[in-house]
Amino acid sequence: RQWMIYPGFVAVLKDNKLESFEMSGSGATKVTVQSDPSGAEIYLDEQFVGSTPSILAVAPGKHAFRLHAAGRADWSRQLNVLPGSDLTLTATLDKN
């Protein structure tokens with residue numbers, strides 16, 4: 001999945017086709033999530049939200065990010081996301 005973030009809305013694409021269209025709240029934050037290896041599952045507050053690489057629209061506040069890939073150690077971070085910020089998370093998932 002790919003999230004395309006525009007002022008006021010977020011378009012979610014799957015296989016380059018529009019999957020959903022959502023209005024974004026004021027102060028939504030763009031979070032780019034990358035990993036080595038790519039294709040890791042992304043969990044935001046323990047909810048699956050896609051696979052790396054992805055761009056997420058995240059509401060301001062405290063959030064838990066976790067990346068998971070088979071045969072690799074999970075990568076996790078707790079972040080306080082500030083309104084209107086633009087973040088990039090880059091994770092290296094070590095082999096088990």
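The rules behind the values
- Residues numbered from 1 in each chain as written.
- Predicted model: local features only at pLDDT ≥ 70, side-chain atom pairs only at ≥ 80, totals over all residues.
- Heavy atoms only, no water.
- Pairing = 2+ DSSP bridges.
- Helix = DSSP H or I, 4+ residues; strand = E, 2+ residues; numbered from the N terminus.
- Axes fitted to C-alpha atoms, helices over the stretch in contact; angles between N-to-C directions.
- Salt bridge = Lys/Arg side-chain N within 4 Å of Asp/Glu carboxyl O.
- Buried < 20%, exposed > 50% of the residue type's maximum accessible area, 1.4 Å probe, protein only.

Participant: Before we move on, could you go through the sheet that holds strand β8 (residues 61-68) and cite the residues and values that matter?
Facilitator: As summarised here, the arrangement of the four strands in space is β6-β5-β8-β9, forming an open sheet in which the pairing is antiparallel. Lying at the two open borders of the sheet, with one neighbouring strand each, are β6 (47-51) and β9 (75-81). Going from strand to strand, the sheet's axes swing by 25 degrees on average, the running direction of each strand aside. In the sheet, strand β5 (residues 41-44) pairs with β8 via four bridges, with the strands oriented antiparallel. Looking across to β8, one finds that Glu41 is bridged to His68.

Participant: Which residues make up unusual backbone geometry, and what are the values?
Facilitator: In this structure, the amide linkage connecting Asp36 to the following residue, Pro37, adopts the cis form with an omega of 5 degrees. Within the secondary structure layout, Pro37 lies in the loop between β4 (29-36) and β5. Residue Thr52 is joined to Pro53 through a cis peptide bond whose omega torsion reads -5 degrees. With a phi close to 50 degrees, Asp45 is a non-glycine residue in the positive phi region. In this structure, Asp45 sits in the loop between β5 and β6. One non-glycine residue, Glu46, lies in positive phi territory at about 65 degrees.

Participant: Before we move on, could you go through the sheet that holds strand β10 (residues 86-92) and cite the residues and values that matter?
Facilitator: Taken in spatial order, the three strands of this open sheet run β7-β4-β10, and their pairing is mixed. Taken across any chain shown, the strands that pair with only one partner, and hence form the sheet edges, are β7 (54-58) and β10. Looking at each pair of strands side by side, their axes are set apart by 25 degrees on average, direction ignored. Where β4 and β10 come together, seven bridges link them in parallel fashion. Among the inter-strand pairings, Asp36 is bridged to a residue of β10, identified as Thr92.

Participant: Describe the pattern of salt bridges, listing the residues and the values that go with them.
Facilitator: In total, this model carries three salt bridges according to the counting rule given. Salt-bridge contacts for Lys30 lead to Asp86; the nearest nitrogen and oxygen are separated by 4.0 Å. In this pair, Lys30 is assigned in strand β4 and Asp86 in strand β10, connecting sequence segments 56 residues apart. Relative accessible area serves as the criterion here: at 31%, Lys30 is assigned to the partly exposed category. One salt bridge connects Arg66 with Glu46, and the closest N-O pair in it is separated by 3.2 Å. One end of the pair, Arg66, is in strand β8; the other, Glu46, is in the loop between β5 and β6, with 20 residues separating them in the sequence. Residue Glu46 is classed as exposed on the basis of its relative accessible area, which comes to 51%. One connected set of salt bridges, linked through shared partners, spans Glu46, Arg66 and Asp74.

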